[in-house]
Amino acid sequence: MAAIPLRYYPAKVLRTVAAPVKASRAAEFRQLFFDMAETMAGANGIGLAAPQVGTLKRVIVVSTSDGPLGLLNPEIADASTRWDSGEEGCLSIPGVFGLVKRAHQVKIKALSIDGEPLDFSASGLFARVLQHEIDHLNGILFIDRMHKLTSGADRLRELWRAGTAL
Ligand code: ZN
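Reference entry: report on the structure contained in this document. (Residues numbered from 1 in each chain as written. Predicted model: local features only at pLDDT ≥ 70, side-chain atom pairs only at ≥ 80, totals over all residues. Heavy atoms only, no water.)

Here we look at the nonpolar core
- In this structure, Leu32, Met36, Leu48, Val59 and Leu72 are the most contacted members of the largest nonpolar core, which totals 18 residues.
- Counting only elements with at least two residues in this core, the list comes to helix H1 (30–42) and strand S2 (59–64).
- The element that contributes the greatest number of residues to this core is H1, accounting for five residues.
- Once residues within four sequence positions are removed from consideration, Leu48 is found in contact with Leu6, Met36, Thr39, Met40, Val53, Val59, Ile60, Val61, Leu91 and Glu133.
- Val62, Leu71, Ala110 and Ile134 belong to the second largest nonpolar core, which has 16 residues in total. (Core = buried A, V, L, I, M, F, W, Y, C linked by side-chain atoms within 4.5 Å. Buried < 20%, exposed > 50% of the residue type's maximum accessible area, 1.4 Å probe, protein only. Helix = DSSP H or I, 4+ residues; strand = E, 2+ residues; numbered from the N terminus. Contact = heavy atoms within 4.5 Å.)

Following this line, the structure appears as structure tokens:
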């Protein structure tokens, strides 16, 4: 296992829609899953999407009490009309935090890391992390959805300038 360098806002890879993974090829993503789990843990994150490590595939890792959960092609099959506002940050936008409204509960359809179909419900923080990571697969960042920046306005401008100067 090896940690992979993170990509930072405003890298173009974070704004690109990621491609689905074929169930029959799930095994090819096992190493990516392990490396993403290590990258996430090393950065003290609770979720990570493949575009954040430069891979435009629909693969995410979410931290759970049972360890890192890897999902291929995760999608929100249903969402509660009840929402919560909560503070989010992102490993690709370090030092920036803001309040984002997310569905309190979601039904997720995905493939397991072994390529088996999964169908489960999530609520609270687990649901929030899943929605944040699935957004990444569609090139959407939490700063697009936040209704209030809670900290890091200067940092956000610095990142933007550093990225656009490349
Ligand atoms: Zn993120």
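Overview of H1
- Over its 13 residues, H1 extends 18 Å from the first C-alpha to the last, a length consistent with the 18 Å expected when each residue adds 1.5 Å.
- Within the span of H1, buried status applies to Leu32, Phe33, Asp35, Met36, Ala37, Thr39 and Met40.
- Buried residues along H1 sit against strand S1 (47–49), S2 and strand S3 (67–79).
- In the segment just after H1, Asn44 is the residue with positive phi, at about 55°. (Expected span 1.5 Å × (residues − 1).)

Thoughts on the coordination of the zinc ion
- Around the zinc ion, the protein contributes the donor atoms Cys90 (SG), His132 (NE2) and His136 (NE2), at 2.0 to 2.2 Å from the metal centre.
- Within one chain, the residues donating to the zinc ion are spaced in sequence as C-x41-H-x3-H. Residue Cys90 is found in the loop between strand S4 (83–88) and strand S5 (97–103), and its partner His136 is found in helix H2 (residues 124–137); the two are separated by 46 residues along the sequence. (Donors = N, O, S within 2.8 Å, 3.2 Å for Na, K, Ca; no water.)

Section: the packing of aromatic side chains
- With the rule as written, the count across this model stands at three aromatic pairs.
- Summarising the aromatic geometry, the rings of Phe120 and Phe126 are spaced 6.1 Å apart at their centres and angled 15° between planes, so their arrangement reads as stacked.
- Accessibility expressed as a relative area gives 26% for Phe126, which makes it partly exposed. (Phe/Tyr/Trp six-rings, centres within 6.5 Å; stacked < 30°, edge-to-face > 60°.)

So, the sheet that holds strand S8 (residues 148–151)
- Overall, antiparallel pairing links the three strands, which are arranged S4-S5-S8 in an open sheet. In the strand order of this sheet, the two ends are held by S4 and S8, each with one partner. Each strand of the sheet is rotated relative to its neighbour by a mean of 35°, with strand direction disregarded.
- Sheet analysis places S5 next to S8, joined by three bridges and oriented antiparallel. What sits directly across from Leu99, in S8, is Lys148. (Pairing = 2+ DSSP bridges. Axes fitted to C-alpha atoms, helices over the stretch in contact; angles between N-to-C directions.)

Purely geometric stuff here, so don't read any function into it on its own.
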